[in-house]
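So the chains spell out like this:
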Amino acid sequence: MKGALVTGGGRRLGAVIARHLGAQGWHVFAHHHESGDGARQVAEEIIAAGGKATPVQADLGDTRAVTRLHEECEAICPLGLLVNNASSFAYDTAESVTAEALEAQMRVNLFAPVLLTQKLHASLAARGAQGLAISIVDNKVFGLNPDYFSYTLTKVALQGMIQMQAMALAPTLRVAGIAPGITLISGLQTEEAFERSRRNNPMGMGCTPEQILNAVDFILASSAYHGQTMVIDGGQVLQRRPRDVVFLEKPAPPPG
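To start, this report covers the structure provided alongside it.

Cut-off values and rules
Residues numbered from 1 in each chain as written. Predicted model: local features only at pLDDT ≥ 70, side-chain atom pairs only at ≥ 80, totals over all residues. Heavy atoms only, no water. Helix = DSSP H or I, 4+ residues; strand = E, 2+ residues; numbered from the N terminus. Rg over C-alpha atoms; globule rule 2.2 N^0.38 Å. Buried < 20%, exposed > 50% of the residue type's maximum accessible area, 1.4 Å probe, protein only. Contact = heavy atoms within 4.5 Å. Pairing = 2+ DSSP bridges. Axes fitted to C-alpha atoms, helices over the stretch in contact; angles between N-to-C directions. Expected span 1.5 Å × (residues − 1). Arc of directions from axis to C-beta. Right-handed = clockwise from strand over helix to strand, strands pointing away. Phe/Tyr/Trp six-rings, centres within 6.5 Å; stacked < 30°, edge-to-face > 60°. Disulfide = S-S within 2.5 Å.

Broken down by element type, the chain carries eight helices and seven strands. Its C-alpha atoms give the chain a radius of gyration of 18 Å, near enough to 18 Å, the size a compact globule of 256 residues would have. Sorting the 256 residues of the chain into buried and exposed places 52% on the buried side. In the chain, the share of contacts with a sequence separation of at least 24, taken over all contacts with a separation of at least 6, comes to 76%.

Here you go:
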């Protein structure tokens, strides 16, 4: 059995991915920072269904903790899959961005994926094995707008990381990405506002967690899929909107 580390595996999309991989026979390491209860619940659910899982804690903003996280997983079960899902997401603009805010998001959204992918490659090479690293990017990377300025910069850099590490780390490690559009309700959004936002694209439909799982399965099964990022957003990036879709949606007009 190979190990699969899912960062941010205790909540939201990370928990969905962790449960899915657990059902496929991976020993899942459900990483968390402060969502310990969620990660433990995910692990318990996987184990109850007959799988294997371990909750693991680390602050991805601390490079020493990132190293410890990798070592802790490898000591239990050799890793064959990494899903860089965890993300720091805070609003700022080109006018309000600070060095401190940018660095904080870079550490979680870029530094940690770079280092975890590097460490996975080294451990695979040492035992003559092959593996896969998937990073969750964001469709914003392919249809840029200036909202969430620091966050977007980190995701642009993450997309660059995927391409460069794919060039450098093959054939030991395949490297790929998934770039979803709006998928889960967040922040202060109402259910109605969320539904309008996710339908704000040519196909009139949003990305769903199930579609992301389909993408994970496709990448796992397709050994030639390498160095690319799959965009799942109903064609939203084709519209080249000037603002984030959350700020473009408007309440539906009253009936009549």
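This part takes up unusual backbone geometry. Here the amide bond leading from Ala170 into Pro171 is cis, since omega sits at 0 degrees, within 30 degrees of zero. Mapped onto the secondary structure, Pro171 falls in the loop between helix H5 (149-169) and strand E6 (173-180). The backbone of Arg12 sits at a positive phi, close to 50 degrees, despite the residue not being glycine. When you line up the elements, Arg12 lands in helix H1 (residues 12-23).

Positionally, Thr183 belongs in the loop between E6 and helix H6 (191-198). Residue Thr183 is classed as buried on the basis of its relative accessible area, which comes to 13%. In contact with Thr183, not counting residues within four places along its chain, are Phe194, Cys207, Thr208, Pro209 and Ile212.

On to the sheet that holds E6, then. Sheet architecture is open: seven strands sit in the order E3-E2-E1-E4-E5-E6-E7, paired in parallel fashion. Each edge of the open sheet is held by one strand with a lone partner, namely strand E3 (52-57) and strand E7 (229-232). Shown here is a sheet whose adjacent strand axes are inclined to one another by a mean of 20 degrees, direction ignored. The strands touched by helix H4 (residues 99-126) within the sheet are strand E1 (3-6), strand E4 (79-84), strand E5 (131-136) and E6, with E4 carrying the most contacts at an inclination of about 170 degrees. Those strands touched by H5 are E5, E6 and E7, and its axis lies near 155 degrees from that of E6.

Attention shifts here to helix H7 (residues 209-221). Over its 13 residues, H7 extends 18 Å from the first C-alpha to the last, a length consistent with the 18 Å expected when each residue adds 1.5 Å. The set of residues buried in H7 consists of Pro209, Ile212, Leu213, Ala215, Val216 and Ile219. Angular distribution of buried residues about the axis of H7 spans 155 degrees; they occupy a single face of the element. The exposed residues of H7 that point more than 90 degrees off its buried face are Glu210, Asn214 and Ala221. Packed against the buried residues of H7 are H1, E5, E6 and E7.

The next subject is the pairing of E3. Strand direction decides the pairing type here: strand E2 (residues 27-32) and E3, joined by six bridges, are parallel. Opposite His27, over in E3, you have Lys52 as the bridge partner. Following the backbone out of E2, through helix H2 (residues 36-48) and into the adjacent parallel E3, one traces a crossover that is right-handed.

Considering all chains together, one arrives at four aromatic pairs under this definition. Aromatic pair Phe89 and Tyr151: ring centres 4.6 Å apart, planes at 85 degrees, arrangement edge-to-face. With Phe89 in the loop between E4 and H4 and Tyr151 in helix H5, the pair connects residues that are 62 residues apart, well separated along the chain. Centroid distance Phe218 to Tyr225: 5.6 Å. Interplanar angle 75 degrees. Geometry classified as edge-to-face. Among the aromatic side chains, those forming a connected cluster through ring pairs are Phe89, Tyr91, Tyr148 and Tyr151.

Overall, the coordinates contain zero disulfides when judged by the stated rule. With no disulfide of its own, Cys77 lies closest to Cys73 among cysteine sulfurs, the gap being 9.3 Å. Exposure remark for Cys77: the relative accessible area of 7% places this residue in the buried category.

By themselves, these observations are geometric and do not establish any function.
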